[in-house]
Amino acid sequence: MRSALFQVHWFLGLTAGLVLMVLGVTGGLLSVEDEVTALLSPGIVAVPAREAPRLTPDALIARLTNEAPGRRVTLLVMSGAADRAAQVRLADGGPGRGVETYVDPYDGRILGAARGADFFGFVRRLHRWLILPGNGDGWGRTITGAAALSLVYLALSGLYLRWPKGRRDWRVWLKPALNRRGRALHWSLHAVVGTWVLVLYLVMALTGLWWSYGWYRDGVTILLTGQPAAAAPPRGERPGGMARREGAPAPLDPAFAAFTAATNGLYATASLAPARAGETIRIRAVALDAAHVQARDEWRFRPDGTLDSRDLYAERPLGARLVGSVLALHEGRFFGPVGTVAFMLAALAMPLFGVTGLLLYLGRRRSRRRHAPEAAQVA
């Protein structure tokens, strides 16, 4: 049994290991995207706070209509901080989500995309789809999903293969033998560091499968909430029902004013999508004291500003909070700043297992070749 598990373990390590190393490094880079782009983008992500009032959503959209003729706003993210720019998504009617840019919340001036956004966009495509043709509809999604399944097996089988038959000092489990050389050092690093990050890798892999397999996402949703997953919009259609619709646009200001009054203006971000006359206006907001950026409250208002419904993240059952926080779980942000750093370091350490696993495999092959003539002479 152990021999069979070991054979599959090293086979998956040699085949899926390269993909996992790419996913680990790119995932570690993506975990610091917001911080890096903000650091590189003074005057774009952050703006000088002023005494003048910030533009309301309708006024901001009106200014953008003049700033970017031929394009329309499909998403507007208002910041609750006086020194942070607003974000908008501009579409030109073609396929795709459109382009995202920052705008000055005081005068509606387009500030542009954050510096480094193109680089992180490439890293994201590499992480999700290995930049293979077809993106999410191509082979990249299938390969990364298979790699995530392989990581689950590698973590669990590695724990089983390392499990001691007798009682063992905890230092053997948790302290790497850095004074060793050669295969002994490689094995110690592979096994001990693997023990450190085993739970983190399982969380990464099990949440990563969410975006790879619809059946997995549906099953987890039913398991945690007892309800089937909401049907995803067809690919190419804008999320949130933001496809082009006929009819006059509904004003957003009454709903936003009611939301601001209900929260006393204390929110981190509030996302709105333009609606048509008669439609409810949805505002997805992150509270100032939210545990992570995916801890979103959902408010719905009628066009006149009357509250239609409110769904606060903190009041949801645990299962619903987990389903709504898959990305935060995947990145470790669900567990606070310590979790974010721990997940980032664990992701960046992924190449360590690929390299040490390969060295151990090559070492075993050399050892077998050396002992083969001796075995033949004995025979």
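Starting afresh in each chain, residues are numbered from 1 along the sequence in its written order. Totals for whole chains, interfaces and linings use all residues, but because this is a predicted model, local features are given only for residues with pLDDT of at least 70 and pairs of side-chain atoms are given and counted only at 80 or more. The side-chain numbers reported here are obtained from all heavy atoms of the structure, hydrogens and water having been left aside.

## Thoughts on the overall build of the protein
Our working rule: Helix and strand labels come from DSSP, where a helix needs a run of H or I of at least four residues and a strand needs a run of E of at least two; each type is numbered from the N terminus. When accessible area is computed with a 1.4 Å probe and restricted to protein chains, residues below 20% of their type maximum are described as buried, those above 50% as exposed, and intermediate ones as partly exposed. By the convention used here, residues are in contact when the closest approach between their heavy atoms is within 4.5 Å. The Shrake-Rupley method, run with a 1.4 Å probe sphere, supplies the accessible areas, and residue values consider only the shown protein chains as cover.
When you go through the protein residue by residue, the secondary structure sums to 14 helices and eight strands. Of all 379 residues assigned to the protein, the portion counted as buried reaches 40%. Across the protein, contacts joining residues at least 24 apart in sequence account for 59% of those joining residues at least 6 apart. Put simply, the protein shows about 21,000 Å² of open surface, and 62% of that area lies on carbon and sulfur atoms.

## With respect to the pattern of salt bridges
Worth spelling out the cut-off: When a carboxyl oxygen of Asp or Glu is within 4 Å of a side-chain nitrogen of Lys or Arg, the pair counts as a salt bridge.
With the rule as written, the count across this model stands at eleven salt bridges. Among the ionic pairs, Arg 89 bridges to Glu 100, the shortest N-O distance being 2.9 Å. Taken together, the positions of Arg 89 in strand S2 (residues 86-91) and Glu 100 in strand S3 (residues 99-103) put the pair eleven residues apart, joining distant regions of the chain. Classification of Arg 89 by relative accessible area gives buried; the value is 7%. Across the pair Asp 311 and Arg 316 runs a salt bridge, and its minimum N-O distance is 3.2 Å. Relative accessible area serves as the criterion here: at 16%, Arg 316 is assigned to the buried category. Salt bridges sharing partners connect three or more residues here, namely Arg 50, Asp 104, Asp 107 and Arg 109.

## Notes on helix H10 (residues 253-263)
Worth spelling out the cut-off: Note that the arc is computed from the directions linking the helix axis to the C-beta atoms.
Listed as buried for H10 are Ala 255, Phe 256, Phe 259 and Thr 263. Relative to the axis of H10, the buried residues are bounded by an arc of 95 degrees and lie together on one face. In this fold, the buried residues of H10 make contact with helix H4 (57-67), strand S1 (72-79), strand S5 (267-272), strand S6 (281-287) and strand S7 (296-301). Asn 264 sits one or two residues past H10 and shows a positive phi near 60 degrees.

## So, a positive patch on the surface
To be explicit about the condition: Two joining distances apply to patches: 9 Å for like charges and 5 Å for nonpolar side chains (Val, Leu, Ile, Met, Phe, Trp, Tyr), and every residue must have over 30% relative accessible area and no salt bridge. All tallies of charge rest on Lys and Arg as positive and Asp and Glu as negative; His and the ends of each chain are not included. Throughout, a charge is located at the NZ atom of Lys, the CZ atom of Arg, the CG atom of Asp or the CD atom of Glu.
Positive charge collects at one region of the surface, where Arg 183, Arg 365, Arg 366, Arg 368, Arg 369 and Arg 370 lie side by side. When residues in the positive patch are grouped by element, the largest group, five residues, is from helix H14 (residues 350-378). With respect to the helices, strands and loops of the structure, Arg 183 is situated in helix H8 (residues 183-208). Overall, the relative accessible area of 39% leaves Arg 183 in the partly exposed class.

## What to know about the nonpolar core
Applied cut-off: The term nonpolar core refers to a set of buried residues drawn from Ala, Val, Leu, Ile, Met, Phe, Trp, Tyr and Cys, joined through side-chain atoms within 4.5 Å.
By size, the foremost hydrophobic cluster in this structure holds 26 residues, and its most contacted members are Leu 60, Phe 256, Phe 259 and Ile 283. At the level of secondary structure, the elements contributing two or more residues to this core comprise H4, S1, S2, H10, S5, S6 and S7. Beyond its immediate stretch of four places on either side in the chain, Phe 256 contacts Pro 57, Met 78, Tyr 267, Ala 270, Leu 272 and Ile 283. Membership of the second largest hydrophobic core comes to 24 residues, among which are Leu 23, Leu 202, Ala 347 and Ala 349.

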